[in-house]
Amino acid sequence: MRTNRPDVTIAADSWTVTVALALVVGGLPLPARAAQRGPDAGPVEAVAVAQVEVAVDGPAPELAAPPVAALGHAQELAASGRFAEAALLFEAQWQATGDPRFLYHAALARSRADQHALALRLLDECVRRMSAAGALSEAVRRHLEAARERELQATVHVQLQVLEGSQAVPEATLAAARLSLRRLGPAGEAVPGDSFEMVGRPAAGLHLDRGRWQVDLEVPGFAPARLVAEAAPAWSLQLHRRKVVVDLRFSPERALRGGQLRLQALDHASPFALERPLAGPTATVTLTPGVWRLQVRARRHGADIDLAIRPGQPPIDVALVRRKPVDDQQLKRAPKLMFGLFGGFIATYFTGVGLLVAAANREKRAERRDAAAHEEAGVEPGATEIDPAAAAAIEATYPAAQWHRDLEFAGDLHTAGGVIAGASIGSIVTLLPLAFRARRRAMVFELGLGGVLLAGGGGWLGFALGERERLLDHPELRVTAARLERTDGQRIAAALFTGVGAGLVLFSGIALLHDAADRRKRARAFATAPWAAPGLAGWSLAGRF
């Protein structure tokens, strides 16, 4: 008789080996229990029982399931391959006793049921609970880490991106979201027991079993969103805000004349932003949940409030008040005023240039006529010593009085052209503070500077014109063009200074008056209006204190 001793080494989980051995022992009859040997049986051959050596890397004793009545039934379910049902029993024991070891055994059962995502969640909860109760031993920690690593390899890491339009939904909004995940079968049916829910979106992503999933996301203020897709590294879910019909009630009704309603979302992009006239004391608008800015601008009244819109929003009462004084010292960029000032620049510039050209032509004609009279008398133009006969001939051809009047008229045109051209410079300088929205004091400074230039330039111009007038006041004393040219420099400079000052005073004054009128129109110091709400009534007083 020979004895066979084969050496066999099998690496397996101890829990699996236990179940397998139980099946072997319970299913195979021992020789002693066999039927009695018949008389015709042949000779007996003695065979030694084979000895099997099994090396098992099993869990630490700290993870053994506590001895409860349901443990045997759960092991029977697992032995028959009904791992999901066994997992439910272990989870029920965890709920009843709070012992985290049941979570470990439920995770093993879920893993054998190919529900690795649930197994991973159960392992994580087991580690968290056991760590909170005390430090884990090295053997338990290594075993749980190895089990967790196996589940990670069996799942797909999915990053869920939640969008509103093209913008990512803020994490603060998703903190109250309810996320439901259901695994689907080949025909699109939900796999029983392979689903879970969570609140908020996990920042580290999801670990899901391979296959098709249905994702349902409910975020407060948004319509429910659903996604059906294969487990993949990236999922994208689009959210749309719910539509909320809001009734607005405005008071007092008499303050609504010429009113304009404006609604704009502050914390999100919404297609329902609007701006329209107010036709009556009530208005119904469609908005989306979130923070909205409501503005009403009437002739003398207004409202400016922030609204927190939520689903099921009740009617909102808006009380209009007389506008408060405007404290903003910046100039308002009024397009009509700016176009008017630019039109003033165009008009003054071309008018000034036209007068200067006309003055030059008139002066040239007078100089040519005077030169022709001198040539006829045989005298060089501009000569200072002329004999009486030649002077009489010149006087007869072109009288000195007429010569002086022509020069005086040309000089007046020249002076007026210089003043008006200078005013065009003042108008363009006035445009600069408006274009750059400077503070109002810049316009006041321009007004003061214009006053100084107007006073100084006006005095200087008066002196230059007086000097010229003294030269032209003697009709018998024929003045020469060269003599008059000595006073032209002062007169031209004085005219430009005066024009710039006049332009600054005129156009800066117009801009300041427009700004003051606009401020009076947009604001008032005190406001009173009746106030009403459901079941309440009163009178509101607003003012600056």
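Student: Any chance you could break down the overall build of the chain for me, citing the residues and the numbers?
Tutor: Looking only at helices and strands, the chain features 12 helices and 18 strands. Accessible area for the chain stands at about 31100 Å²; split by element, carbon and sulfur atoms hold 59% of it.

Student: How would you explain the packing of aromatic side chains if you had to name every residue and give the values?
Tutor: For any two aromatic rings, the description comes down to two numbers: the centre-to-centre distance and the angle of the planes. Scanning the model with the defined rule gives 5 aromatic pairs in all. Taking the centre distance of 5.8 Å and the plane angle of 25° together, the rings of Phe 345 and Tyr 349 count as stacked. Note that Phe 345 and Tyr 349 are positioned in helix H8 (residues 335–376) at a spacing of 4 residues, about one turn of the helix. Under the relative-accessibility criterion, Tyr 349 is labelled partly exposed at 38%. Judged by centre distance (6.0 Å) and plane angle (75°), the rings of Tyr 398 and Trp 403 are edge-to-face. A single burial state applies to Tyr 398 and to Trp 403, both of which are buried.

Student: Outline the pattern of salt bridges, supporting the account with residue identities and numerical values.
Tutor: Scanning the entire structure with this criterion turns up 21 salt bridges. As a salt-bridge pair, Arg 249 and Asp 317 come within 2.8 Å of each other at their nearest N and O atoms. Here Arg 249, found in strand E9 (residues 244–251), pairs with Asp 317, found in strand E15 (residues 316–319); they are 68 residues apart in sequence, far enough to count as distant. What makes Arg 249 partly exposed here is its relative accessible area of 32%. Since its relative accessible area comes to 32%, Asp 317 is described here as partly exposed. A salt bridge links Arg 297 to Asp 304; the shortest N-O distance between them is 3.9 Å. Under the relative-accessibility criterion, Arg 297 is labelled partly exposed at 38%.

Student: Explain the sheet that holds strand E14 (residues 301–309) residue by residue, including any values.
Tutor: As summarised here, the arrangement of the 5 strands in space is E11-E10-E13-E14-E16, forming an open sheet in which the pairing is antiparallel. Single-partner strands in this sheet number two, and they are strand E11 (274–277) and strand E16 (321–322).

Student: Describe a negative patch on the surface, listing the residues and the values that go with them.
Tutor: On the surface, Glu 408, Asp 412, Glu 469 and Asp 473 cluster together into a negatively charged patch. Positionally, Glu 469 belongs in helix H11 (residues 440–472). Here Glu 469 falls in the partly exposed class, since its relative accessible area comes to 45%.

Student: Which residues make up the sheet that holds E15, and what values do they have?
Tutor: As a general point, the strands of a sheet are linked pairwise by backbone hydrogen bonds and lie either parallel or antiparallel. Spatially, the 3 strands line up as an open sheet ordered E12-E9-E15, and their pairing is mixed. Looking along the sheet, the strands with just one partner apiece sit at the ends: strand E12 (282–287) and E15. Taken pair by pair, the neighbouring strands of this sheet meet at an average axis angle of 30°, ignoring direction. Where E9 lies against E15, 4 bridges are found, and the strand directions are parallel. Looking at E15, one finds that Phe 250 is bridged to Val 318.

Student: So what about helix H6 (residues 138–154)? Which residues, and what values?
Tutor: The periodicity of an α-helix, 3.6 residues per turn, causes residues three or four positions apart to be oriented the same way. End to end, H6 covers 25 Å across 17 residues, agreeing with the expected 24 Å (1.5 Å per residue, within 8%). Those residues of H6 lying buried are Val 140, His 143, Leu 144, Ala 147, Glu 151 and Ala 154. Projection of H6 onto a plane perpendicular to its axis shows the buried side chains occupying an angular sector of 95°, all on one side. On its buried face, H6 is in contact with helix H4 (101–112), helix H5 (116–133) and strand E1 (155–164).

Student: So, the packing of helix H2 (residues 69–79) against helix H3 (residues 83–97): which residues are in play, and what are the values?
Tutor: For the pair H2 and H3, the least separation of the axes is 7 Å and the interaxial angle reads 160°. Between H2 and H3, the angle is such that the two are roughly antiparallel. Like other packed secondary-structure pairs, H2 and H3 cross with a definite hand, here left-handed. Counting all contacts with H2, which are made through Ala 70, Leu 71, His 73, Ala 74, Leu 77 and Ala 78, the residues of H3 involved are Phe 83, Glu 85, Ala 86, Leu 89, Phe 90 and Gln 93.

Cut-offs applied
- Residues numbered from 1 in each chain as written.
- Predicted model: local features only at pLDDT ≥ 70, side-chain atom pairs only at ≥ 80, totals over all residues.
- Heavy atoms only, no water.
- Helix = DSSP H or I, 4+ residues; strand = E, 2+ residues; numbered from the N terminus.
- Areas by Shrake-Rupley, 256 points an atom, 1.4 Å probe, with all protein chains shown as cover.
- Phe/Tyr/Trp six-rings, centres within 6.5 Å; stacked < 30°, edge-to-face > 60°.
- Buried < 20%, exposed > 50% of the residue type's maximum accessible area, 1.4 Å probe, protein only.
- Salt bridge = Lys/Arg side-chain N within 4 Å of Asp/Glu carboxyl O.
- Pairing = 2+ DSSP bridges.
- Patch = residues over 30% accessible without salt bridge, like charges linked within 9 Å, V, L, I, M, F, W, Y side chains within 5 Å.
- Lys, Arg positive; Asp, Glu negative; His and termini not counted.
- Charge placed at Lys NZ, Arg CZ, Asp CG, Glu CD.
- Axes fitted to C-alpha atoms, helices over the stretch in contact; angles between N-to-C directions.
- Expected span 1.5 Å × (residues − 1).
- Arc of directions from axis to C-beta.
- Contact = heavy atoms within 4.5 Å.
- Parallel < 35°, antiparallel > 145°, perpendicular 65-115°, else oblique.
- Left-handed = near helix turned anticlockwise from the far one by under 90°.

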